[in-house]
Amino acid sequence: MPASAKLLDGLSPLSHALLIQWATAIVTVILVAAPLGPILWQSFLDKPLYETGALTLHNYSRLFGDPDFHDVLANSFQLAALTTVVACAAGVAFALFIERTNLPGRRWLRPLVLWPMYISQLVTAFAWYIIYGPSGYITLLGERLIGVPPWDMYSIPGMAIIAGVTQAPLVYLFCSSSARMADATLEDAGRSMSAGALRVLWSISLPLMRPAIIYSALLVFIGSLEMLAVPLVFGRPAGLEFFTTFLFSRGLGAITPDYGLVGAAAALLLAIVSGLLVLQGLLLSKAGRFVTVKGKAQRPKVADLGKAGPPIAAALWLYLVLALLIPLIGIVLRAFTTFLTPLLSPFELLTFDNFAILAKYPAYIRSITNSVIIAFVGGVGATAFVALLALVVQRSSFPFRRQLEYVALYPRAMPGVVAGIGFFWAMLLIPGASLLQGTIWILMIAFAMRGMPTAYGAMAPAMMQIGKELDQSARSVGASWWTVSTRIVLPLMKPALFSAFTLLFLGMLKEYASAVFLFAPGAEIIGTTMLSFWANGNSGAVAALSVIQLLITFLFVTAARLSTRTHRDV
Amino acid sequence: MSDVFVEKLSKRFGDVTALHDVNLHVAQGEFLTLLGPSGCGKSTTLFAIAGLDTPSGGVIRVGGQTFFDGAGKVDVPPERRNLGLVFQSYALWPHMTVAQNLAFPLKLRGVSKAEQAPRIAEALSLVDMGEYGGRFPHELSGGQQQRVALARTLVFRPTLLLLDEPLSNLDAKLRIKARGWLKSLQRQLGLTTIYVTHDQEEALALSDRIAVMNKGRIVQLDSPETIYRRPTNTFVADFIGASNFLPVRRTGATVDEITPVMTEAGVALRAVAAASAGADDGIVTVRPQHIRLSRQRPSDRGLNVLAGAITDRTYLGARHAYGLEISGHTLVAEVEEVLEPGPVFAAFEPRDTLLIAR
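In this text the structure is predicted, and so the values were computed from the model without any measurement. (Residues numbered from 1 in each chain as written. Chains lettered and ligands numbered in written order. Predicted model: local features only at pLDDT ≥ 70, side-chain atom pairs only at ≥ 80, totals over all residues. Heavy atoms only, no water.)

Could you give me a rundown of the packing of aromatic side chains, with the residues and numbers involved?
If you walk through the whole model with that rule in mind, you get 32 aromatic pairs over all chains. Seen in terms of ring centroids, A:Tyr129 and A:Phe234 are 6.1 Å apart; in terms of plane orientation they differ by 55°. Their pairing is tilted. With A:Tyr129 in helix α5 (residues 121–132) and A:Phe234 in helix α11 (residues 229–235), the pair connects residues that are 105 residues apart, well separated along the chain. Taken together, the ring pairs in this structure connect A:Phe126, A:Tyr129, A:Tyr154, A:Phe234 and A:Trp534 into an aromatic cluster. Across from the ring centre of B:Phe5, 5.6 Å away, lies the NZ or CZ of B:Arg61, which sits over that ring. The ring of B:Trp93 has B:Arg152 lying over it, and the distance from NZ or CZ to the ring centre is 4.0 Å. (Phe/Tyr/Trp six-rings, centres within 6.5 Å; stacked < 30°, edge-to-face > 60°. Helix = DSSP H or I, 4+ residues; strand = E, 2+ residues; numbered from the N terminus. Lys NZ or Arg CZ within 6 Å of the ring centre and 35° of its normal.)

Given below as structure tokens:
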């Protein structure tokens, strides 16, 4: 029959494209389901998941019946709430004053505000410990002045300040772009009714940023629930347990891990975070009355702070010096001294011993090279894969592309510790997957899964900006879907691919939470080595490793800035 | 042979039907225009032929090959159809030079490097862009980009040329120049062409035949002259510029194409009957520029005369457009004279009218 011959003839290039699209979708689903499935499965099993057990709800009833876990829940939510307050206060203040006013020196402030984002939370926690911890440099200085320790960082408010500082850039990022796009005429209207500059900022500019504030506040809240570094460094010595440290100690610390309990706790954390993300989506869908961005181009206009300018600028600089600069100087000094104390000048204690320890053992050096290899190879691989994923979601006729997008974005709801446990169990459960155990490949896979939503978020807008008729015209001159994708769409979004790679590299370099369950001798990374040095009380080596990680980050960010500057014409 | 058969082409988006059983036959070498307002389905039809938009049903055949058959489940992907489509936005790939843009379809067809160069040069010289091969699209003016877009579709010798409002992004002067140039190029190459536009003037100037579309249907398919002089319905008449409509009743038999009719106000008129004007109730159309205005009733008994009043005046440059109120109906007349609002007589020749079905 000629019709059926035509049918096959017409379908063959289509099926080639469909093959690639299905393969991409299946890999994505496996990546997300691999950690998710075992956790949910284990949470309903009465035995460890590698044994044959029966289905039960007992794990959940044990979890909720455990009085320790009640404290865990209370602590986690208190810390998350306080952290959100701190991060929002700092992030919103910077966004408002930098973007909407003529604050003196705001051009210098802008790049500095974002720096904590590039630094691992682990490094920030150690740095704060060295300066503001119970025997920290400035704590001791204060104690000598007033006789008692001026503050207690081993407390939930103390931890909230550190965590808030690490998450403030996120709030700044969302609020500053909202503030930049705000309609200046709304503020002018306020000024014309004789409201002062600060009054207008408080009553008009700030409420207009509400959607951005709510959005980022929920992100910070989720981020604080997921956070492992600060609870580990500051909570455990004081006996304060949190969700992540609970999973960490029950899953890893115990001699015989309680699989069912850990599974139930991890599943509960997943459910809470997923619920918060759904809430965030619902809140944003009703944000229409705050839409101030019109098609019309607006001249950027900022409020004149007048005499209030210098004191506000001083306050913001003081924050950056206290929260960012002093801890960073502290950790660098600590790396090059035998110990750090206000009683002795650090220059009398200068030493390279901390770095010498690292050089002495191949495992320590290996953790550095492993981190760089994972960040680079994993970053390139994940960029390529997410590009393919974005092509399938945005630029194909794949029947399940909308659903695929949801799957690809789901890892946002998977905390690092949970992902680590999930992949660890997946290797026990899936036949053949144990080959990956103890290799850097499982770390790369886990980190790539974690980075997928971020990379997709960096690529999707750029891909949407490429006119559909550019694909269509290529199709009409004879190019298949795959040829169009590789020859037209991807070359046009080179800058977005590059920024996705940058984000993935930095994310993978500082990732540690999912690695604590997955690393093994031979597959150490900087973060896990830092944690083991910390456990042994060797803070000098921790500082030395922190400095090395900061140096790699700094070099990479500088190189990335330079190369985007030379590639502007693309 | 590369004639086009479109049969019962339909397209539905959920509850909305964008195309209702469109039938079309374009002969080899013919220049056919799909004309209509935005949303009438003209671009949907064109994109369905190109394979970029999957219809809900119907058949598309080009040169004897079935590209789409809703019943037989045939759907040849766009890259297998070998049709040349020029986009409204030109869709030149911004990361490639002009020559690379033209080389891309040749590469896809396995044309050797040695053969590519002369074919690219030939296509570029066809559109007078021979010297611009090394430029990037953003370094060209709108008119130049438009010509490169055309060269890119001609370079691989498509069986059919599909043009989606290719001139709409050019300024008025350039558009008229490009029109003449496009038409002579099409004649020279003898390419079967389907052209989509909402500009009636463009359609009249370029086409062998025009298919006027409205709400997903072809409402008239005729030569430009017939479309202009003998619209078969009020939509086509309105779209083509005969914007005055007077409801009338037929009062006698047609003699030499002229039919006596009477308006609702009882004024006797004589009008040219269109083939479709069969029933007793009809509409008389007349173009604004065919109406003459005067304070006194014209003495010529051969003219159609209506008494009314001027309600408003708009300055158009060479002429003035007058809004007329004639026994409850609004008419528009375009004349050179300056007249003040007040009672007026509107007169027009019977041969400038057309009686069509209501």
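Before we move on, can you summarise the interface of chain A and chain B with the specific residues and values?
Counting residues at the interface gives 25 residues for chain A and 28 residues for chain B. Summed over both partners, the interface of chain A with chain B comes to about 2300 Å²; 65% of that surface belongs to carbon and sulfur atoms. Scanning the region where chain A abuts chain B turns up one salt bridge. Between B:Glu79 and A:Arg475 there is a salt bridge, with its nearest N and O atoms 2.7 Å apart. The interface formed by chain A and chain B holds eight residue pairs in polar contact (both at pLDDT 80 or more) in total. Taken together, the elements giving at least two residues each to the side of chain A that touches chain B come down to α1 (2–43), α20 (468–476) and α21 (481–492) of chain A. The greatest single-element share of the side of chain A that touches chain B, amounting to eight residues, is contributed by α1(A). (Contact = heavy atoms within 4.5 Å. Buried area = accessible area lost by both parts, 1.4 Å probe. Salt bridge = Lys/Arg side-chain N within 4 Å of Asp/Glu carboxyl O. Polar contact = N/O pair within 3.5 Å; in protein donor to acceptor, adjacent residues only side chain to side chain.)

Any details on the sheet that holds strand β20 (residues 342–348) of chain B? Residues and values, ideally.
Residue and element names in this part refer to chain B. The strand order across the open sheet formed by five strands is β16-β20-β17-β18-β19, and the pairing between neighbours is antiparallel. In this open sheet, the two edge strands, each paired with only one partner strand, are β16 (292–294) and β19 (329–335). On average, each strand axis in the sheet is inclined to that of its neighbour by 45°, with strand direction left out of account. Relative to β19, strand β18 (residues 320–326) runs antiparallel, the two sharing seven bridges. Bridged to Gly 323 within β19 is Val 332. (Pairing = 2+ DSSP bridges. Axes fitted to C-alpha atoms, helices over the stretch in contact; angles between N-to-C directions.)

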